[in-house]
Amino acid sequence: MQTPVDATNTPAWATLAHLQSTLIDGPHVMRRWFDADPTRAERFSLDAADLHVDLSKNLLTDEVRDALLELAEQTNVAARRDAMYSGEHINVTEDRAVLHTALRRPRTDTLTVDGQDAIADVHETLDKIYDFAGKVRSGQWKGVTGKPIRTVVNVGIGGSDLGPVMAYEALKPYVKDGLECRFISNIDPTDAAVKTADLDPETTLVIIASKTFTTLETLTNARCVRAWLLDGLVAAGAIDDTDEARSQAVARHFVTVSTALDKVAEFGIDPVNAFGFWSWVGGRYSVDSAVGTSLAVAIGPKGFEDFLAGFHAMDEHFATAEPARNVPLLMGLLNVWYTNFLGAHSHAVLPYAQYLHRFPAYLQQLTMESNGKSVRWDGSPVTSDTGEIFWGEPGTNGQHAFYQLIHQGTRLIPADFIAVANPAHPTTDGETDVHELFLSNFFAQTAALAFGKTADEVRAEGTAEEIVPARVFAGDRPTTSIMADELSPKVLGELIALYEHITFVQGVVWGIDSFDQWGVELGKKLALQIAPAVSGDEKALATQDPSTQGLVTWYREHRG
């Protein structure tokens, strides 16, 4: 196992620490930087595939950028990237390759991993998914009563839910007319009840996404949905209430994304209708694998191919662009700069595109499950802070909620603003181009955060002196602006891959394994141990801590 470089002992880290101490030399440094350098916006604006990225409103100088790039070199980011792309087992705690990038490589490529041609395997599965998606979309795949499918229900959790639902919501203009997807993830029975309440079992197809077919939440919800569907078919007289009829209905209304074919068969799903993926695909990196089958059905094989092409375009940019023009590299290094040198604890992602309303939630898992670690990949303690809290909501909604904290609060919160030039819907209300009004807010917010408003400017507006301080904006609040022509499947793939690689860069600098998630496991195991106590097992209850005993007892006393 290669020992990670201790970034805090590198010359670049010392340089950055010095730059941090001299960077903010008074108020409104961004104003002064832009005044002193008319080319600043041009120099710090970059293109990656179809994305235009403006880094100029960051707390970034040429010296800071150069030191960050030296830090990347001194912590072997490029070598680690190449090792990931080539299939080395860089997920060391699970001894696995990390090859989500293989999911979107062209059919003509080859890559042997653990004795298998990963690219050939990927395209074999994609062909199977595309064939299935085509049958559902054309009406060739029918339910047990001969009716075509109108609703696809995806049952998963974590990466098997957040990715597909985010992408489906983002690409709704590309969804086939008359077809709808719904997503069930929460083990709270309300989720399944609400999502199925108005559906017709005869026209519903269920996709169960669980690699091992053992995930507690997913299998519990799968059983709930199976009972709903079968009981509904029986109640409607669509099938007889016999084991054989129920078995036939499951075979026509359930498919799965799983590799545990024995468990799939036990559930009643024909293993032929199981779409597999591999141990080298982490859940939060899996939306472009078979986990995205619901999306492939919704937007069609061609749309899904475009989606994958977007990922691959960003993969190629990350692999080949020179460091000073490499967008994922620079954005990842900026996050290190803010986290480790400027005291940022959180990072806002603010899409000015309503269809991206689930994108910040998707990034929460991608970034925090990946980099929320306190040991390095060799088991030694980390030597700096790691990870940020990612959060956000679409603009302009957030402007009327939490932007106050970003503008005038005491905490530094770097923010990424995302927008498209051409929306999917008409942009006029009869008098105004609403999209232009919308994006005026996008442009205005990043300018306001960067440049603020001085006390003299507030006074010049005729503001009473006693409230001048309350209306001053310090500025120097860093933002990155990301723009694209439109929110197409390809652009969405590029956006997702951009943040995948940003997350990777940070993890390498910090020396952590960004691809395991042991922190997810403890609570899940304890839940299984506590479940008997919740159900009334006094011996199980006695083994719990006093607080848990009290809470479980209160619950049992108040359960109707």
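Residues numbered from 1 in each chain as written. Predicted model: local features only at pLDDT ≥ 70, side-chain atom pairs only at ≥ 80, totals over all residues. Heavy atoms only, no water.

1. Structural notes on the pattern of salt bridges
1) Next: Under the criterion given, the structure shown has 31 salt bridges.
2) Next: The closest approach of N and O atoms between Lys195 and Asp191, which form a salt bridge, is 2.8 Å. One end of the pair is Lys195 and the other is Asp191, both in helix 8 (residues 189–196) and four residues apart, which spans about a single turn.
3) Next: Overall, the relative accessible area of 25% leaves Lys195 in the partly exposed class.
4) Next: With relative accessibility at 15%, the residue Asp191 sits in the buried group.
5) Next: Here the salt bridges do not stand alone but share partners, grouping Asp37, Arg43, Asp62, Arg65 and Asp66 into one network. (Salt bridge = Lys/Arg side-chain N within 4 Å of Asp/Glu carboxyl O. Helix = DSSP H or I, 4+ residues; strand = E, 2+ residues; numbered from the N terminus. Buried < 20%, exposed > 50% of the residue type's maximum accessible area, 1.4 Å probe, protein only.)

2. Digging into unusual backbone geometry
For residues that are not glycine, phi is negative in most cases, and the peptide bond is trans in most cases.
1) Next: For the bond running from Gly395 to Thr396, omega is 10°, close enough to zero to count as cis.
2) Next: Along the chain, Thr396 turns up in the loop between strand 11 (389–391) and helix 15 (403–408).
3) Next: Unlike most non-glycine residues, Asn76 shows phi in positive territory, near 65°.
4) Next: Residue placement: Asn76 occurs in the loop between helix 4 (62–74) and helix 5 (77–86).
5) Next: Of the residues examined, Asn76 reaches a relative accessible area of 31% and is grouped as partly exposed.
6) Next: Residues other than glycine seldom take positive phi values, yet Phe213 does so here, at roughly 55°.
7) Next: As for its position among the elements, Phe213 is in the loop between strand 7 (204–209) and helix 9 (216–235).

3. Observations regarding the domain arrangement of the protein
1) Next: Taken domain by domain, the protein consists of domain 1 (28–88 + 321–510), domain 2 (100–302) and domain 3 (519–558).
2) Next: Averaged C-alpha coordinates put domain 1 and domain 2 at centres separated by 34 Å.
3) Next: The interface is formed by 26 residues belonging to domain 1 together with 22 residues belonging to domain 2.
4) Next: Interface of domain 1 and domain 2: buried area, both sides summed, is about 2,100 Å²; carbon and sulfur atoms make up 63% of it.
5) Next: Put simply, domain 1 and domain 2 have two salt bridges between them.
6) Next: Notably, a salt bridge pairs Arg104 with Glu500, separated by 2.7 Å at the nearest N-O pair.
7) Next: At the boundary of domain 1 with domain 2, the tally comes to eight residue pairs in polar contact (both at pLDDT 80 or more). (Domains from an automatic or database assignment. Contact = heavy atoms within 4.5 Å. Buried area = accessible area lost by both parts, 1.4 Å probe. Polar contact = N/O pair within 3.5 Å; in protein donor to acceptor, adjacent residues only side chain to side chain.)

4. Some remarks on the nonpolar core
1) Next: Membership of the largest hydrophobic core comes to 125 residues, with the highest contact counts inside it found for Leu59, Trp280, Trp337, Phe359, Leu492 and Tyr499.
2) Next: Phe359 has contacts with Met166, Val349, Ile418, Leu495, Ile496 and Tyr499, leaving out every residue within four places of it along the chain.
3) Next: The next biggest cluster of nonpolar side chains, apart from the first, holds 23 residues, and it includes Ile208, Leu219, Ala249 and Phe254. (Core = buried A, V, L, I, M, F, W, Y, C linked by side-chain atoms within 4.5 Å.)

5. Some words on the sheet that holds strand 2 (residues 51–54)
The pairing of strands in a sheet happens through backbone hydrogen bonds and is either parallel or antiparallel.
1) Next: The mixed open sheet is built from six strands, whose spatial order is 1-2-13-12-10-11. Across the chains shown, the open sheet's two edge strands, defined by having one partner strand only, are strand 1 (45–48) and strand 11. Direction aside, neighbouring strands of the sheet carry axes that sit 20° apart on average.
2) Next: Relative to strand 12 (residues 415–420), strand 10 (residues 346–352) runs parallel, the two sharing five bridges. Counted as the bridge partner of Val349 is Asp416 from strand 12.
3) Next: Against the sheet, helix 13 (residues 327–340) contacts strand 1, strand 2, strand 10, strand 11, strand 12 and strand 13 (479–484), and its axis sits at roughly 125° relative to strand 1.
4) Next: Running over the sheet, helix 16 (residues 434–451) touches strand 10, strand 12 and strand 13 and is turned about 160° from strand 12. (Pairing = 2+ DSSP bridges. Axes fitted to C-alpha atoms, helices over the stretch in contact; angles between N-to-C directions.)

6. Looking at the pairing of strand 1
1) Next: As judged from the four bridges shared by strand 1 and strand 2, these two strands associate in the antiparallel manner. Residue pairing across strands places Leu46 opposite Val53, the latter belonging to strand 2.
2) Next: Connecting strand 1 to the antiparallel partner strand 2 that follows it, the hairpin turn spans two residues, and Ala49 within it adopts a positive phi of roughly 55°.

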